[in-house]
2 protein chains.
Amino acid sequence: MDMTRETFSKVDVLIIGAGPAGLMAATWMARCGINARIIDKRGTKIFTGQADGLQCRTLEILDSFGFADRVWKESNHMLEICLWNPDFEGKLRRSDRIPDTIPGISRFQQVVLHQGRIEQFFLESLEEHSNIKVERGIFPYTLAFDETKAEDPNEYPIEVVLQHLTDDQINPRQSLATRDGAATSDGLFRSNIAADDDTDEVLSDAHENELTVINETVKAKYLIGCDGAHSWTRRQLGIQLEGEQTDFIWGVLDIIPITNFPDIRMRCAIHSSKSGSMMVIPRENKLVRLYIQITTTEIGSKIERWSINPKMILDSAQKIMAPYKLDYEYCDWWTAYQIGQRVASSFSQYDRMFLAGDAVHTHSPKAGQGMNVSMQDTYNLGWKIAAVLNGTANRSILRTYKSERRAVAQELIAFDHKFSRLFSGRPAKGIMDEEGISMDEEGISMEEFKDALEKGNLFASGVSVNYGASIIVAKEDDAAAQGYEVGVAQNINARVIGKQHLASNIRIGMRMPSFKVLNQSDARPWHFQELLKSDGRWRIVVFAGDISNGNQMFLIRTLSEGLKTLAAKYTLGTNGTDSAIEILMIHSAPRINIELLDLPEIFHPWSKRDGYNYSKVYVDDISYHEGYGKAYEGFGVDKKRGCMVLVRPDQYVSWIGELEDGGEVERLLGGGFMVGKVEGDGEGMEFDG
Amino acid sequence: MDMTRETFSKVDVLIIGAGPAGLMAATWMARCGINARIIDKRGTKIFTGQADGLQCRTLEILDSFGFADRVWKESNHMLEICLWNPDFEGKLRRSDRIPDTIPGISRFQQVVLHQGRIEQFFLESLEEHSNIKVERGIFPYTLAFDETKAEDPNEYPIEVVLQHLTDDQINPRQSLATRDGAATSDGLFRSNIAADDDTDEVLSDAHENELTVINETVKAKYLIGCDGAHSWTRRQLGIQLEGEQTDFIWGVLDIIPITNFPDIRMRCAIHSSKSGSMMVIPRENKLVRLYIQITTTEIGSKIERWSINPKMILDSAQKIMAPYKLDYEYCDWWTAYQIGQRVASSFSQYDRMFLAGDAVHTHSPKAGQGMNVSMQDTYNLGWKIAAVLNGTANRSILRTYKSERRAVAQELIAFDHKFSRLFSGRPAKGIMDEEGISMDEEGISMEEFKDALEKGNLFASGVSVNYGASIIVAKEDDAAAQGYEVGVAQNINARVIGKQHLASNIRIGMRMPSFKVLNQSDARPWHFQELLKSDGRWRIVVFAGDISNGNQMFLIRTLSEGLKTLAAKYTLGTNGTDSAIEILMIHSAPRINIELLDLPEIFHPWSKRDGYNYSKVYVDDISYHEGYGKAYEGFGVDKKRGCMVLVRPDQYVSWIGELEDGGEVERLLGGGFMVGKVEGDGEGMEFDG
């Protein structure tokens, strides 16, 4: 250890792991101006293989950071799922087609693009908006926590020792698989099917070879562990993954297929009669990913994992797909896995150290959930930590990370358990029988499978996530059941409950849906969600109703006075003049009957350099080129009287109320988690978002 | 001159000027693999001001190169034009609203983004697809042409001496204007309103100061002069601009306006009763461009150009906009201009040296045409030169550049003449009179103005361009009138004329319109135009009709044999196996009734590495998420019997015929301009695009 040098530093947020979950956390810090670092032991980002599916909600989130369009452009779009099953003679036949994404649930649909490109978009976004760079080749070594400092916002209770290694020690052994399976023992294979324990190996290698190791001691206010299924951070915290392992072994091939199978560019679920199951995921650049069941009844279940190679996976695929032919010249990546459904016993400690992504939930990859739920974890967590550090929120908000995301992880695991079992099971005989028999004791009914797939698609889209009642979700249900247990419930004596009935399709606890509206000042159509950028701001959306009616306009003028005071009370920095609450309007009067500048100034805030702001008022009216969004109808809001909606910085709906309920929103924000300015500080502030 | 060094080089295409027209030419060369250079005397690209309007057709073209989405995202979208006029009491009032882009004419609408960003997208695209880089700080010095070598395709008849200068000699004096007009005499002002003759100055400066000048002698096969209104290339060729100068002087301000004018984010035409006219163009980044008439009756017409400054332009704007207030803190750019409508007497010499863009047409900037028509010039020219150099076409095709683009330039000038006159004229009294009087001897009728504006919008969109009959446009009309004059007509004895009636909305001579279709193999919706990438290929679009009908499928099988032979005859390189003709199908049978692999192989060409190609067959059917494109209805093609359309590499329609008319398209391609392979060379070729 005489080759070791020591350095010391401090940082507000230390993120361990620069996969999608870690990069999402870093992106929040970048956009909220937080002092953060993100480290990764890998020497480079992913180039091939790994996760690839991107669900609707993930695309909505990436769009809130401004780069979903890049994913949309480069990715393969999956529109239809084709189900292939043996007919009553045992011959493989297309038995059904269903839409891959349920029509209407999002402005995006499920697409496929490999993880490396997603990471690249994050990296470019970080570079554009901050000085945060991924520091590679850095291994966390020890973790210590000073409990006495846990609740003091100015303290750095976390101490991590990091070891910086040289380049040639840290590059993962990624290589292309060859047809004959020569790559069996390379790093890719091991990193998926075996324990990812190369950290210790590499470190001891380094010490043995007396390479220079720089020890850096970092003190941090917050720690986010996004270091994967074999999370070092999780081990340091002594947190366990709980759940079960399956018996099924699956092979994965990313190939350019040479085949006469008719639906190779569709997502397919293929159940053969005797040779197991296979899923087809068409990808970008002519690639297709095949998930292939290896442990068929023919082969038996006693396969040794290290005996698996691409040729063997292809053999299985050929049997499943027979009589159609399948081969390839080009293989981009391959792996095999045997994985169960497991969830971490805890997601955080002291509300200072958090785990996210694969570190807290593992499951099969076939539903394309892994990368998505992982990013959504830190999308939920990032703005909360940033708000606490920026002085906008107090630390109580951090508890909602666990309450909200652990419930999602448990749903995910239940979904995957069911989905995997159905998919790995043998098909029932007779499912294509003309008599319509759909159950069979020997296997899985294809009706059951299709039904599960359709229901699963809603869950898999990510838009059905529904956060429970808490200090930041003012809804009636399950508050007692869930909120008190983990300490996220509102004060029972001053509890605010939103009026769900005022907006039937805006669900409190769910993400704000989107319909097209027009900007009042220039008639440009926007999907409303495009306006809810991830910049750390809460938003009050004033559905102003028909403001060509005098009474309604009177109501809006009255409301505006209160909102002006409210917005001035909460600022993004303790000394800032930039409100932490953006106020937007969607009205339902005819666009040409309303003049923006006739509305209260809070809807067209003024600044000395830029004049009026024209981006706050929208209208539910017909567009010249993109039809009529019918937003009020879509949101389920009364076109005459309107309503008011409080939206969290992550686009989830916190509260719904009448236009007269300004006091309620004030009470909700002020009652628990928001940190307001001292009265009188709001003088002369600008509301320009 | 003892400080001068000499070098020599050869290049196939030399492009002079790296503005939008030059960059478009270079982009074609990049995509077609042509050995080309592009030089510019400026030391840097444009950063502020200059051209900004992007019309529908331009966006379609940029999309064919893959970067319209970047423009669409960053630009300001203009949806509505508001007309403001004095009412009968002389008070300024909004008199009308019209859509800025006529609904339905394109999948894009008019947007505004400054020229510098457009140039940046071109530069990045060049870098991604080629080794072509803009070489800056290079002045063309002499031009010589050897007439004896004009028609020999292997010769380099053009010789240009270039002078390379040092950095500090070449940077244009761009600077921000100050409020008080201190920047009156800077380079920007001069470069717009005065002759752009700084070339000679800078060169003589360099010689006087005995700086090192490198003389490079370049021999080229083709020369494209895109060097602006004061084109050096045009002067060398002795070509004149013909036309007239106007008396009107206009000022231009790019500011962030501080105003209570209600429509500042709309495109507005404001006619004041006594203070002249103004056009409002809302731009990106909160900017607004104001075109302001300076020579009002109050100020008089004897203004000296050098007395114009931002304050003076603002004063005029304030008078026109009264009683609304107008001011600014931030000015991004300003200029003034006095310009007429002029067209070059010729566009080319020897079909070796070509002029494009401002070098051959100048006009007012208010209709946002300059950058667009300039790019469209070289979009027309680039693929033709590339095809000749690649051995796909013979030199006769080059004549169509002049015949096609000079007609457009003349239309542009006529349009601008009318538009400018209407816009600069005084409004008629009484136009808002309740009696509806709309004519007045003293000025321009607002009805006349609105009518001209609406008609002008179609022309301005760029989609109404209709190329005359020629060897590459097989249509009936005006062949004799136009074609023979400039030598582009088909051989009278073997003339092919397309059957326009088979596709009522696909007009021979106009660009292929676009409707949504689905890919047969994966059900993904595409706007058909997205498939017509600018890669130098001709395309035969087989509207196959209802191929679930056996007779129709029989017809398609028969046609396929002929198309296979035809596609094999024309290759992109003389020794290549890559066809210069891509064959696409749009059928009208229900998607799920057709299996791609049941179609003739030409519609799913096979390659050893990639298997079948899934990108050739599309269907007019309903999509899951984007509605029903109704493509056959939109194109005006019979859903049962279909038709066949030949599309040029620039998306213009060359010919339309029956599915039985394969012999006609063969005769058209073989009869004049295409260079085919010797019989028998097509063995074993792949059709993969």
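Since this is a predicted model, take the numbers as computed values, not measurements.

Enquirer: Could you give an account of the overall build of chain A, with specific residues and numbers?
Expert: Each helix and strand counted, chain A has 16 helices and 30 strands in total. Long-range contacts, defined here as pairs at least 24 residues apart, represent 74% of the contacts in chain A between residues at least 6 apart. By element, 48% of the accessible surface of chain A is carried by carbon and sulfur atoms, the whole surface being about 25,700 Å².

Enquirer: Pulling in residues and values, what's your account of the domain arrangement of chain A?
Expert: All names here are of chain A. When cut into domains, chain A gives domain 1 (7-174 + 186-461) and domain 2 (479-671). Across the boundary between the two partners, domain 1 contributes 22 residues, which contact 25 residues of domain 2. Interface area for domain 1 against domain 2, summed over the two sides, is near 1,900 Å², with a carbon-plus-sulfur share of 48%. Broken down residue by residue, the surface that domain 1 buries against domain 2 is led by Arg 57, Arg 107 and Trp 383, which jointly contribute 30%. At the surface where domain 1 touches domain 2, the tally comes to two salt bridges. Here Arg 648 ties to Glu 404 by a salt bridge, and the two come within 2.7 Å at their closest N and O atoms. Counting across the domain 1 and domain 2 interface gives eleven residue pairs in polar contact (both at pLDDT 80 or more). The set of elements that each furnish at least two residues to the side of domain 1 that touches domain 2 consists of helix H1 (20-31), helix H2 (56-64), helix H10 (370-389) and helix H11 (399-424). Considering only residue class, the side of domain 1 that touches domain 2 consists of six nonpolar, eight polar and eight charged.

Enquirer: If you had to explain the interface of chain A and chain B to someone new, which residues and values would you point to?
Expert: Each partner contributes residues to the interface: chain A has 51 residues there, and chain B has 50 residues. Counting the surface lost from both chain A and chain B, the interface buries some 4,400 Å², and carbon and sulfur atoms represent 50% of this. Summed over the shared surface of chain A and chain B, the number is ten salt bridges. In this structure, Asp 610 of chain B and Lys 286 of chain A form a salt bridge, with 3.1 Å as the shortest nitrogen-oxygen distance. Our count for the contact surface shared by chain A and chain B stands at 18 residue pairs in polar contact (both at pLDDT 80 or more). Residues that form the side of chain A that touches chain B fall into these classes: 22 nonpolar, twelve polar and 17 charged.

Enquirer: Report on the sheet that holds strand E6 (residues 92-99) of chain A, specifying residues and quantitative values.
Expert: By definition, the strands of a sheet pair up through backbone hydrogen bonds, in either a parallel or an antiparallel sense. Residues and elements named next belong to chain A. Pairing within the open sheet is mixed, and its seven strands lie in the order E6-E5-E14-E15-E16-E13-E17. This sheet does not close on itself; its edge strands, each paired only once, are E6 and strand E17 (326-337). Adjacent strand axes in the sheet meet at a mean angle of 20 degrees when their direction is disregarded. The pairing of strand E15 (residues 277-282) with strand E16 (residues 288-293) spans five bridges and is classified as antiparallel. Paired with Met 278 across the two strands is Ile 292, which belongs to E16. Helix H9 (residues 310-321) rests against E6, strand E13 (250-259), strand E14 (267-271), E15, E16 and E17 of the sheet, and its axis sits at about 110 degrees to E17.

Enquirer: So what's going on with the relation of the copies chain A and chain B? Which residues, and what values?
Expert: You can overlay chain A on chain B at an RMSD of 0.0 Å; the transform is a turn of 180 degrees with a shift of 0.0 Å along its axis. The symmetry that links the two subunits is that of a two-fold axis. In terms of proximity to the rotation axis, the leading residue of chain A is Asp 69 of chain A, whose C-alpha is 4.3 Å off the axis.

Enquirer: Tell me what's going on with the pattern of salt bridges, and back it up with residues and numbers.
Expert: All chains considered together, the criterion is met by 87 salt bridges over all chains. Notably, a salt bridge pairs Glu 135 of chain A with Arg 37 of chain A, separated by 2.6 Å at the nearest N-O pair. With a gap of 98 residues between them, Glu 135 of chain A in strand E8 (residues 134-136) and Arg 37 of chain A in strand E2 (residues 36-40) connect regions that are remote in the sequence. Since its relative accessible area comes to 14%, Arg 37 of chain A is described here as buried. Put simply, Glu 124 of chain B and Arg 70 of chain B hold a salt bridge, and the shortest N to O gap is 2.6 Å.

Rules and cut-offs
Residues numbered from 1 in each chain as written. Chains lettered and ligands numbered in written order. Predicted model: local features only at pLDDT ≥ 70, side-chain atom pairs only at ≥ 80, totals over all residues. Heavy atoms only, no water. Helix = DSSP H or I, 4+ residues; strand = E, 2+ residues; numbered from the N terminus. Contact = heavy atoms within 4.5 Å. Areas by Shrake-Rupley, 256 points an atom, 1.4 Å probe, with all protein chains shown as cover. Domains from an automatic or database assignment. Buried area = accessible area lost by both parts, 1.4 Å probe. Salt bridge = Lys/Arg side-chain N within 4 Å of Asp/Glu carboxyl O. Polar contact = N/O pair within 3.5 Å; in protein donor to acceptor, adjacent residues only side chain to side chain. Nonpolar A, V, L, I, M, F, W, Y, C, P; charged D, E, K, R; others polar. Pairing = 2+ DSSP bridges. Axes fitted to C-alpha atoms, helices over the stretch in contact; angles between N-to-C directions. Least-squares fit on C-alpha atoms with pLDDT ≥ 70 in both. Buried < 20%, exposed > 50% of the residue type's maximum accessible area, 1.4 Å probe, protein only.

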